[in-house]
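The residues making up each chain are set out below.
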Amino acid sequence: MLTITRALHDALVAHARADHPDEACGVIAGPAGGGRPERHIPMLNAARSPTFYEFDSTDLLRLYRELDDRDEEPVVIYHSHTATEAYPSRTDISYANEPGAHYVLVSTADTDDAGPFQFRSFRILDGEVTEEPVEIVDSYI
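What comes next concerns the included structure.

Concerning the nonpolar core
Here is step 1: In terms of nonpolar packing, the biggest core is built from 19 residues, with Ile41, Met43, Phe55, Leu63, Ile77, Tyr103 and Ile124 touching the most fellow members.
Here is step 2: Broken down by secondary-structure element, the contributors of at least two residues to this core are strand E2 (25–31), strand E3 (39–43), helix H2 (57–69), strand E5 (102–107) and strand E6 (118–125).
Here is step 3: Examining the composition of this core, we find that three residues originate from one element, E2, more than from any other.
Here is step 4: When near neighbours in sequence (up to four residues on either side) are disregarded, Phe55 contacts Cys25, Gly26, Val27, Met43, Leu44, Ala46, Leu60 and Ile77.
Here is step 5: Listed in part, the 13 residues of the second largest apolar core include Leu8, Ile28, Val75 and Tyr78.

Concerning the side chain of Asn45
Here is step 1: Structurally, the position occupied by Asn45 is in the loop between E3 and H2.
Here is step 2: A residue is classified by how much of its surface remains accessible, and Asn45, at 3% relative accessible area, is buried.
Here is step 3: Within the structure, Asn45 has its side chain in polar contact with the backbone nitrogen of Glu54 (distance 3.1 Å).
Here is step 4: Beyond its immediate chain neighbours, meaning those up to four positions away, Asn45 contacts Glu23, Cys25, Phe52, Tyr53 and Glu54.

Some words on the sheet that holds strand E4 (residues 72–81)
Here is step 1: Here we have six strands laid out as an open sheet, ordered E3-E2-E4-E5-E6-E7, and mixed in their pairing. In this open sheet, the two edge strands, each paired with only one partner strand, are E3 and strand E7 (128–132). If you compare each strand with its neighbour and ignore which way they point, the axes differ by 30 degrees on average.
Here is step 2: Pairing geometry for E5 and E6, over five bridges, is antiparallel. Note that in E6 the partner of Val104 across the bridge is Ser121.
Here is step 3: Helix H1 (residues 6–19) rests against E2, E3, E4, E5 and E6 of the sheet, and its axis sits at about 10 degrees to E3.
Here is step 4: Packed onto the sheet, H2 meets E2, E3 and E4 and runs at close to 165 degrees relative to E3.

Looking at the environment of Pro99
Here is step 1: Topologically, Pro99 is positioned in the loop between helix H3 (90–95) and E5.
Here is step 2: The spacing of Pro99 and Arg123 is 24 residues in sequence and 7.7 Å in space, taken between C-alpha atoms.
Here is step 3: Excluding residues within four positions of it along the chain, Pro99 makes contact with Arg123 and Leu125.

Digging into H1
Here is step 1: For H1, built from 14 residues, the straight-helix expectation of 20 Å at 1.5 Å per residue is met to within 8% by its first-to-last C-alpha distance of 20 Å.
Here is step 2: When we look at burial in H1, the residues that qualify are Leu8, His9, Leu12, Val13, His15 and Ala16. With its buried residues spanning 155 degrees around the axis, H1 presents them on a single face. Relative to its buried face, H1 has exposed residues pointing more than 90 degrees away, namely Ala7 and Ala18.

Basis of the calculations
Residues numbered from 1 in each chain as written. Predicted model: local features only at pLDDT ≥ 70, side-chain atom pairs only at ≥ 80, totals over all residues. Heavy atoms only, no water. Core = buried A, V, L, I, M, F, W, Y, C linked by side-chain atoms within 4.5 Å. Buried < 20%, exposed > 50% of the residue type's maximum accessible area, 1.4 Å probe, protein only. Helix = DSSP H or I, 4+ residues; strand = E, 2+ residues; numbered from the N terminus. Contact = heavy atoms within 4.5 Å. Polar contact = N/O pair within 3.5 Å; in protein donor to acceptor, adjacent residues only side chain to side chain. Pairing = 2+ DSSP bridges. Axes fitted to C-alpha atoms, helices over the stretch in contact; angles between N-to-C directions. Expected span 1.5 Å × (residues − 1). Arc of directions from axis to C-beta.

These results come straight from atomic positions and should not be treated as a statement about function.
Right under this line is the structure:
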């Protein structure tokens, strides 16, 4: 199960809305080994595409160095789908290389500026996709 604060949930949805019609992407980092998403890191979609996202390789290298320096790990890796449901595509599955991460998809398809937005979380391991429940909390206790 992914437990995420309302503030982080809302930040992901806001990022997806802001980048629409292109796909948005980013990471939520947390303390290494803790599994708790804490720090939102929006990334630039280097592909600037409504059907594909790609982290810029320089930005990605900088991100992993920063995570290492802060003793953090990517707890959530997210992106948006602008024309389809919030479910990993074959490309998404092939690029999933963080076995411990939650892969969150936000769909901005078939919505207006107010929503509703699909917000779904998945585990992707060895090409196997498993949807997991999402619990949105006001704060971590």
